[in-house]
Amino acid sequence: MPGSGRHRGERQVGEAAETEELALRAAAGDRAALDVLLRQVRPEVVRRCGRFLPCREDAEEAAQDVLLQVARNITAFEGRSRFGTWLHTVVANCARQKYRELKRRAAERPEAIDAARYVDPRTTSVIAGSRVDLLEALERLEREHPHLVEPLVYRDICQLEYAEAAERVGIPLGTLKSRLHEARRRVRPWLSDAS
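Residues numbered from 1 in each chain as written. Predicted model: local features only at pLDDT ≥ 70, side-chain atom pairs only at ≥ 80, totals over all residues. Heavy atoms only, no water.

Draft legend 1. Looking closely at the overall build of the protein chain. Broken down by element type, the protein chain carries nine helices and zero strands. When the elements of the protein chain are put in sequence order from the N terminus, they spell out α-α-α-α-α-α-α-α-α. Looking at the protein chain as a whole, 37% of its 195 residues qualify as buried. Contacts in the protein chain between residues far apart in sequence, at least 24 positions, make up 62% of those at least 6 positions apart. Carbon and sulfur atoms make up 51% of the accessible area of the protein chain, which amounts to about 11,500 Å² in all. (Helix = DSSP H or I, 4+ residues; strand = E, 2+ residues; numbered from the N terminus. Buried < 20%, exposed > 50% of the residue type's maximum accessible area, 1.4 Å probe, protein only. Contact = heavy atoms within 4.5 Å. Areas by Shrake-Rupley, 256 points an atom, 1.4 Å probe, with all protein chains shown as cover.)

Now the structure itself:
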């Protein structure tokens, strides 16, 4: 259908503007706007959490944490950057926290795993396995070079544009690109070792 792409693009711009308006109203204390905002962003939040966590249930749990954080901290959103950018930060932090929690829980209870109820994503999906390995690599990067984590998360996982990622991290664009290059260089062999 000619023009359908243009209409879809216009609709997405309209939805983004509506989300921004809802976020500003919610930040100003409008509870009804917050409720609508949370319902509206939930599918996107689940999808974004799924980029970090290979198991759907874990992604859903992390998404609930994100929505709770948004509800609790929406007044911190001042509108200086886009709401979507602010939301990316919350998603990244909650998903990484959920991963740490799951890893800690597994280490504390090394009980026998019922194979009928649990499927190891490393053996069932190359994509899911690479996400697990990436989370472990991010954890290592955070221990060894914490200043490199945010550029990698915002650009490669959250898929923000370079300028938006630089704004989010609070560094010049050139610095972001340099740190991103260094982060990728350091993480690449760790991911190769894991496969």
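So that's the structure; there's more coming.
Draft legend 2. Structural view of the nonpolar core. Counting residues in hydrophobic clusters, the biggest one holds 52 residues, and the most contacted among them are V45, F52, V66, V70, I74 and F83. Looking at this core, the elements that each hand over two or more residues are α1 (4-27), α2 (31-52), α3 (56-73), α4 (83-108), α6 (126-144), α7 (149-157), α8 (162-169) and α9 (173-194). (Core = buried A, V, L, I, M, F, W, Y, C linked by side-chain atoms within 4.5 Å.)

Draft legend 3. The arrangement of the environment of R186 in detail. Structurally, the position occupied by R186 is in helix α9. The class for R186 is partly exposed, based on a relative accessible area of 27%. Considering only alpha carbons, one finds R186 and H145, 41 residues apart in sequence, at a separation of 9.4 Å. When near neighbours in sequence (up to four residues on either side) are disregarded, R186 contacts L141, H145 and L148.

Draft legend 4. The side chain of T89, seen in detail. Looking at where T89 falls in the secondary structure, it is placed in helix α4. Note on T89: relative accessible area 13%, which makes it buried.

Draft legend 5. Structural context of the pattern of salt bridges. In the structure shown here, the tally under the stated rule is 16 salt bridges. With its nearest N and O atoms 2.8 Å apart, the salt bridge here joins R42 to E60. Remark: E60 occurs in helix α3 and R42 occurs in helix α2; sequence separation between them is 18 residues. For R42, a relative accessible area of 29% corresponds to the partly exposed category. The residue R100 makes a salt bridge to E142 at a minimum N-O spacing of 2.2 Å. (Salt bridge = Lys/Arg side-chain N within 4 Å of Asp/Glu carboxyl O.)

Draft legend 6. Just α3, in detail. Compared with the 26 Å implied by 1.5 Å per residue over 18 residues, the 25 Å span of α3 between its first and last C-alpha is a close match. Residues D58, A59, A62, A63, V66, L67 and V70 constitute the buried set of α3. On the buried face of α3, the contacting elements are α2 and α4. (Expected span 1.5 Å × (residues − 1).)

Draft legend 7. Structural context of the packing of aromatic side chains. Enumeration according to the criterion identifies three aromatic pairs in this entry. On the numbers, 5.8 Å between centres and 55° between planes, the contact of F77 with W86 is tilted. Since its relative accessible area comes to 11%, W86 is described here as buried. Ring geometry for F83 against W86: centres 5.7 Å apart, planes inclined by 35°, an arrangement best described as tilted. Residue F83 and its partner W86 are located together in helix α4, separated by three residues, close to a single helical turn. Aromatic ring contacts, followed pair by pair, group F77, F83 and W86 into a single cluster. In this structure, K177 is placed above the aromatic ring of Y162, and the distance from its NZ or CZ to the ring centre is 5.3 Å. (Phe/Tyr/Trp six-rings, centres within 6.5 Å; stacked < 30°, edge-to-face > 60°. Lys NZ or Arg CZ within 6 Å of the ring centre and 35° of its normal.)

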